[in-house]
Amino acid sequence: MIETDILIAGGGIAGMSAAARFAADGHRIMIVDPAPADIGEGTDLRTTAFLQPGIETLKKAGVWDAIKPTGAELRVMRIVDAGGNELAPRETADFDGAETTQGFFGWNVSNKAARVSLMAKLETLSNVDFRFSTTVTGFTGTARYGEATLSGGETVRAKLVVAADGRNSSLREFAGIKHRRWAYDQSALVFVVTHDKPHDNISTEIHRTGGPLTLVPMPDLDGKPCSSVVWMTPADRARQLYNMDDATLSAEITHDTMSMFGPLTVASPRAIWPMISQVPSRLISARLALVAEAAHVVPPIGAQGLNMSLHDIETLADLMAKAKLKGDDIGATTLLKSYERKQLPKTLARVGGIDLLNRASMFEPRTLRDLRYAGLTAINRIGPLRKLAIKVGVGK
């Protein structure tokens, strides 16, 4: 029998962030993940854009200073509508980080660098026990503790169990929490490019049909300006792009970005994911809280996914810190209900909003594309709408 304060299932970026954040408040943590201990250097150059609220959580976790030097600042969010008859920009909206209180929107970091920094931090913490190649095979919540069985045969009793085990969460299923999932006839193709023109720390999102094509600043690669690409497009088209050789894909993305960056050169392997959205009916059960993709899945628009996850973690950390200060139970039903009251309405609203934005980005008919163009023009040129867009852009 192993006893701990918090058991976290899932050792991805969200799970490790949760472990570091909760450990910073003095909780004893066990974190388990099915992956082996050696994550390897690999060639994965995919990235995550950390927005300001998420950065604050990582600062409290004591890991941001290690992550920050590996990334690039997101100073401007640029949205380009190219939905006219010709493939050309017809409205460009620049939302400048100078219009925010912190002077920037966020920081784009490679997933590999974030994982390495988080893992290095957890290795220094005496109150964190990281078990690799381990899964939760059963869970029961009681009035006193959450009891989980592990794939190695151990039983863990924790005051709170946190499900950060992804969109197909086993813990969510063990707790009998239902979820709703819907798919789009759309996939995201992800890879890295280099280009001749500097990105000037501008994240560029291009809208025509099928979904946004986004280039996010990265640090230079081999002395050349570099950006990560998230290309959302109908599933058949995404598969065609995925199967192209590097030279053909480079020419294709140069064409679809209208040479805004000059010639683009594919500089990494590519990956492809079918697009879905997903929400659960509840975020809690006895001694259990859902966070990250166990709690919400959204298309990669506006860098919301992981930043929503960090917001889950910060809300839970704040509630537990207050409970600990008063000597209360960090896994009590009252605390978990408070977490759900705070997070579930925000989760449903954010998932619904991103769903609408994604459907708008997929518009094929000219009349609907013109409607999207009119909406972007209004947001760009009407002061209150612009301020609201900037507030959403920083993750608030």
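Our structure's up above, just so we're on the same page.
Residues numbered from 1 in each chain as written. Predicted model: local features only at pLDDT ≥ 70, side-chain atom pairs only at ≥ 80, totals over all residues. Heavy atoms only, no water.

S.K.: Which residues make up a positive patch on the surface, and what values do they have?
M.R.: The grouping of K337, R341, K342 and K346 at the surface amounts to a positive patch. Given the relative accessible area of 46%, K346 is considered partly exposed. (Patch = residues over 30% accessible without salt bridge, like charges linked within 9 Å, V, L, I, M, F, W, Y side chains within 5 Å. Areas by Shrake-Rupley, 256 points an atom, 1.4 Å probe, with all protein chains shown as cover. Salt bridge = Lys/Arg side-chain N within 4 Å of Asp/Glu carboxyl O. Lys, Arg positive; Asp, Glu negative; His and termini not counted. Charge placed at Lys NZ, Arg CZ, Asp CG, Glu CD. Buried < 20%, exposed > 50% of the residue type's maximum accessible area, 1.4 Å probe, protein only.)

S.K.: Lay out helix α4 (residues 111-123) with the relevant residues and their values.
M.R.: The first and last C-alpha atoms of α4 sit 18 Å apart over 13 residues, in line with the 18 Å expected at 1.5 Å per residue. When we look at burial in α4, the residues that qualify are N111, A113, A114, S117, L118, M119 and L122. Buried residues belonging to α4 abut α1 (13-24), β3 (47-51), α3 (64-67), β7 (106-110) and β8 (128-131). (Helix = DSSP H or I, 4+ residues; strand = E, 2+ residues; numbered from the N terminus. Expected span 1.5 Å × (residues − 1). Contact = heavy atoms within 4.5 Å.)

S.K.: Tell me about the packing of helix α2 (residues 52-60) against helix α8 (residues 305-325), and please be specific about residues and values.
M.R.: At their nearest, the axes of α2 and α8 sit 9 Å apart, and the two run at 50 degrees to each other. Of the possible angle classes, the one that applies to α2 and α8 is oblique. When you trace α2 past α8, the crossing you get is left-handed. On the side of α2, the interface is formed by G54, T57, L58 and K60, while α8 contributes N307, L310, I313 and E314. For the contact of α2 with α8, the class distribution of residues is three nonpolar, three polar and two charged. (Axes fitted to C-alpha atoms, helices over the stretch in contact; angles between N-to-C directions. Parallel < 35°, antiparallel > 145°, perpendicular 65-115°, else oblique. Left-handed = near helix turned anticlockwise from the far one by under 90°. Nonpolar A, V, L, I, M, F, W, Y, C, P; charged D, E, K, R; others polar.)

S.K.: So what about the nonpolar core? Which residues, and what values?
M.R.: Where a protein is soluble and globular, its nonpolar side chains tend to be buried together. Ranked by size, the top nonpolar core spans 70 residues in total, and within it L7, I8, F22, F50 and L316 carry the most contacts. When sequence neighbours within four positions are dropped, the list of residues in contact with I8 reads G15, A18, A19, F22, I29, M30, I31, V32, V162 and A164. Counting residues in each nonpolar core, the second largest holds 20 residues, with L213, L215, A238 and L241 among its members. (Core = buried A, V, L, I, M, F, W, Y, C linked by side-chain atoms within 4.5 Å.)

S.K.: Break down the pattern of salt bridges for me, citing the residues and quoting the values.
M.R.: What the rule picks out here adds up to 21 salt bridges. In this structure, K224 and D196 form a salt bridge, with 3.3 Å as the shortest nitrogen-oxygen distance. Of this pair, K224 sits in strand β15 (residues 224-234) while D196 sits in the loop between β12 (179-195) and β13 (202-207); the two residues are 28 residues apart in sequence, bridging distant segments of the chain. Note on K224: relative accessible area 30%, which makes it partly exposed. A network of salt bridges, in which partner residues are shared, links R21, D25, K60 and E314.

S.K.: Got a sec to walk through the pairing of β3? Specific residues and values, please.
M.R.: With respect to burial, β3 is a largely interior element, four of its five residues being buried. Here β3 pairs with β7 via five bridges, running antiparallel. Along β7, the bridge assignment pairs A49 with N108. (Pairing = 2+ DSSP bridges.)

S.K.: Outline unusual backbone geometry, supporting the account with residue identities and numerical values.
M.R.: Within the chain, R287 stands out as a residue other than glycine whose phi angle is a positive 65 degrees. Here R287 is to be found in the loop between β18 (284-285) and β19 (288-290). The class of R287 is buried, set by a relative accessible area of 4%. Despite not being glycine, A292 has its phi angle at roughly 55 degrees, a positive value. By the secondary structure assignment, A292 is in the loop between β19 and α8.

S.K.: Outline the side chain of T347, supporting the account with residue identities and numerical values.
M.R.: Residue position: T347 is located in helix α9 (residues 333-361). With a relative accessible area of 3%, T347 lands in the buried category. When sequence neighbours within four positions are dropped, the list of residues in contact with T347 reads A295, H296 and M308.

S.K.: If you had to explain the pairing of strand β6 (residues 91-96) to someone new, which residues and values would you point to?
M.R.: Every second residue of β6 is oriented toward a common face, the buried set being E91, A93 and F95 and the non-buried set T92, D94 and D96. Inspection of the sheet shows strand β5 (residues 76-81) paired to β6 by six bridges, in the antiparallel sense. When the bridges of β6 are listed, R78 appears paired with D94.

S.K.: Which residues make up α2, and what values do they have?
M.R.: Within α2, burial applies to Q52, G54, I55, T57 and L58. Those residues of α2 hidden inside the fold are in contact with α1, β3, α3, β7 and α8. G62 sits one or two positions beyond α2 and adopts a positive phi of about 80 degrees.

S.K.: An account of the packing of aromatic side chains is needed here, citing residue identities and associated values.
M.R.: Counted according to the given criterion, the structure contains two aromatic pairs. Centre to centre, the rings of F50 and W64 are 6.1 Å apart; their planes meet at 70 degrees, and the pair counts as edge-to-face. Pair noted here: F50 is in strand β3 and W64 is in helix α3, with a separation of 14 residues, a long-range link. As far as the burial class goes, F50 and W64 line up, both buried. On the numbers, 4.2 Å between centres and 15 degrees between planes, the contact of F130 with F132 is stacked. On the basis of relative accessible area, F130 is assigned to the buried category, the value being 17%. The class of F132 is partly exposed, set by a relative accessible area of 25%. Its end group placed over the ring of W107, K68 keeps NZ or CZ at 5.0 Å from the ring centre. (Phe/Tyr/Trp six-rings, centres within 6.5 Å; stacked < 30°, edge-to-face > 60°. Lys NZ or Arg CZ within 6 Å of the ring centre and 35° of its normal.)

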